[in-house]
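A closer look at the structure
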Amino acid sequence: MRWAVRGHAHYYRDEPPGGLFGIVQGGMHTPLRLASLEALMQRTWPGFAIGGLAVGEPEAERLRVLEELLPHMPADRPRYLMGVGFPEDIVAAVARGIDMFDCVIPTRHARNGHLFTQAGVINIRNSSHATDLSPIDPQCSCYTCANYSRAYLRHLDRCNEILGSRLNTWHNLHFYQELMRSIRRALEEGTFEAFAARYPAPRRARPDPVA
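Notes on the structure in this doc start here. As the structure is a prediction and not an experimental result, all values here were calculated from the model. (Residues numbered from 1 in each chain as written. Predicted model: local features only at pLDDT ≥ 70, side-chain atom pairs only at ≥ 80, totals over all residues. Heavy atoms only, no water.)

Attention shifts here to the pattern of salt bridges. The final tally for this structure, using the stated rule, is 10 salt bridges. We note a salt bridge from Glu 68 to Arg 64, for which the minimum N-O separation is 3.0 Å. Of this pair, Glu 68 and Arg 64 both sit in helix α3 (residues 59-69), 4 residues apart, roughly one helical turn. Judged by its relative accessible area of 32%, Glu 68 falls in the partly exposed class. Of the residues examined, Arg 64 reaches a relative accessible area of 22% and is grouped as partly exposed. In this structure, Arg 79 engages Asp 99 in a salt bridge whose closest nitrogen and oxygen atoms are separated by 3.5 Å. Taken together, the residues span a long stretch of sequence, with Arg 79 in strand β3 (residues 79-82) and Asp 99 in the loop between α4 (87-95) and β4 (100-102) at a distance of 20 residues. (Salt bridge = Lys/Arg side-chain N within 4 Å of Asp/Glu carboxyl O. Helix = DSSP H or I, 4+ residues; strand = E, 2+ residues; numbered from the N terminus. Buried < 20%, exposed > 50% of the residue type's maximum accessible area, 1.4 Å probe, protein only.)

Below you can see the structure in the form of structure tokens.
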């Protein structure tokens, strides 16, 4: 905790430019997580982050840590889960009390031709898309889906044209923004439980293999 204390003191020595979150660590060990949280709560933080998850541990272990840790975290400040994740990971974490996320998945997947849709993840590099003039996702209202076909996006990818990565990224970011809007709406309307049932824990948003 010495580094957290030093960082807090330095950041708040003058009027801060933003809010510095305390990061709860401790791996898969709940006692260490709780000790980390208790030490952090000796200082005033505008929010708390949870680090050291989504680094290869089984999904059940990650959810267990959240279930055992979150009841002890202040409910009046944002709770931020670092490095998560796939749509079903986000929904499962929200169900356990997480408010904020960040992850490279939408952009990294886009650069590799893996595009999120309401029906799952497609691999735009597959030959099945070579003559497909439909959009990535007929239900999507993003710029890419409104103006470009799967066939054209596959062509851009095969040519290593940077426009392909940009259009793919545009689509994936839009998909995630819509996911978060849907989550907020479901929470406000009291329908989150039914919404979350569309994202069962065992389901993984993995792209179809290259063909």
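Still more to cover.
Bridge analysis of strand β2 (residues 48-50) against β3 gives 3 bridges, and the strand direction is parallel. By the bridge assignment for β3, Ile 50 is matched with Leu 81. Where the polypeptide runs from β2 across α3 and back to β3, its parallel neighbour, the crossover connection is right-handed. Pairing of β3 with β4 involves 3 bridges; the strand directions are parallel. By the bridge assignment, Met 82 is partnered in β4 with Asp 102. With respect to chirality, the unit in which β3 leads through α4 into the neighbouring parallel β4 is right-handed. (Pairing = 2+ DSSP bridges. Right-handed = clockwise from strand over helix to strand, strands pointing away.)

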